[in-house]
Amino acid sequence: MQTPGIRVWVMVAGLCLASEAWGQSASAQTQTDAGPVSASQCWIRQLPAPAPSGGFLLIHNSGASTAVLKSVDSPDYKQVMMHQTTESGGMSSMSAVHDLKVPAGGDLAFRPGSYHLMLEQPRAGLKVGDTVEMRFRLADGAEFSAACAVKPANAMPGMRGMPGMSGRGDMKGMSGHGMR
Ligand SMILES: [Cu+2]
């Protein structure tokens, strides 16, 4: 039984490293269902169990009204939660979030340092290079899914090509967790 303190540290450490893998996300394969809300660019930074893995993607709402995310699940993980990383005074922490809104005609990004999926207990045999499915359910009952590329824990592809991000500068504020 891990203490809560250790547990949070492991999660933050994983997401900290995950921020460096964001630049590769555009290569992820995507599947979406018919409907106004869809997912793209989904990828997972797979950490060795029991550390939870982080999931990142972009959700787009092409409809005329706000969409509300109620739940996420996956056949490949026993538990999927929506989390948000927040920073205060140079310390980073995360908490579960609910009823996330995707504005009409707009996007909601799950990305390192912000919203992310927290994935626990991957199915036996899941490995880097696999593609896993995330299934999202909206408040109105509609569903959509994403095909997510499973990437390695040690992926360090760098940040080139991502507007607004410049190498390790994106990791400022994470230094309070012992991560370099
Ligand atoms: Cu989290």
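Residues numbered from 1 in each chain as written. Predicted model: local features only at pLDDT ≥ 70, side-chain atom pairs only at ≥ 80, totals over all residues.

A. Up close: the overall build of the protein. Scanning the protein from N- to C-terminus turns up one helix and ten strands. For the protein, the N- to C-terminal ordering of α and β elements is α-β-β-β-β-β-β-β-β-β-β. Considering the protein as a whole, with its 180 residues, one finds that 34% of them fall into the buried category. Restricting the contact set of the protein to residue pairs at least 6 apart, pairs at least 24 apart contribute 70%. (Helix = DSSP H or I, 4+ residues; strand = E, 2+ residues; numbered from the N terminus. Buried ≥ 20, exposed ≤ 12 C-beta atoms within 10 Å, placed from the backbone. Contact = placed C-beta atoms within 7 Å.)

B. Spotlight on the nonpolar core. Among the nonpolar cores identified, the biggest contains 28 residues, and A39, C42, L57, L117, M134 and C148 are the most heavily contacted of them. Breaking this core down by element, the ones donating at least two residues are β1 (37–45), β2 (53–61), β3 (67–73), β4 (77–88), β8 (115–122), β9 (131–138) and β10 (143–151). When sequence neighbours within four positions are dropped, the list of residues in contact with M134 reads C42, G55, V72, S74, V80, L117, S145, A146 and C148. (Core = buried A, V, L, I, M, F, W, Y, C linked by C-beta atoms within 7 Å.)

C. Representation of the pairing of β3 within the structure. Pairing of β3 with strand β6 (residues 100–102), which is carried by three bridges, proceeds in the antiparallel orientation. In the sheet register, L69 faces β6, and the bridge partner there is L100. Of the strand pairs in this sheet, β3 and β9 are connected by four bridges, and their pairing is antiparallel. Residue pairing in the sheet places V72 in a bridge with F136 of β9. (Pairing = 2+ DSSP bridges.)

D. Representation of the pairing of β4 in the model. Taken together, the seven bridges between β4 and β8 define a ladder with antiparallel strand orientation. Paired with Q84 across the two strands is Y115, which belongs to β8. Examined bridge by bridge, β4 and strand β5 (residues 91–96) share six bridges and lie antiparallel to one another. The partner of T85 across the bridge, within β5, is M94. Counting the residues between successive antiparallel strands, the hairpin from β4 to β5 contains two residues, one of them, G89, with a positive phi of roughly 60 degrees.

E. A look at unusual backbone geometry. The omega torsion of the bond from A49 to P50 falls at 10 degrees, within 30 degrees of zero and hence cis. Secondary-structure assignment places P50 in the loop between β1 and β2. At Q41, a residue that is not glycine, the phi angle is positive and equals roughly 55 degrees. Counting through the fold element by element, Q41 comes out in strand β1.

F. Representation of the confidence of the model for the protein in the model. The predicted model of the protein averages 77 in pLDDT, with 66% of residues at 70 or higher. Across residues 15–32, where pLDDT falls below 50, the model places 61 contacts with residues more than four positions away in sequence or in other chains. Confidence drops under pLDDT 50 across residues 156–180; counting only partners more than four residues distant or on other chains, this segment forms 38 contacts. (pLDDT = per-residue confidence, 0-100.)

G. Region of the structure containing the environment of S95. Of note, S95 is situated in strand β5. Take S95: there are 9 C-beta atoms within 10 Å of it, and that puts it in the exposed class. Considered as a pair, S95 and M81 are 14 residues apart in the sequence and their alpha carbons are 9.7 Å apart.

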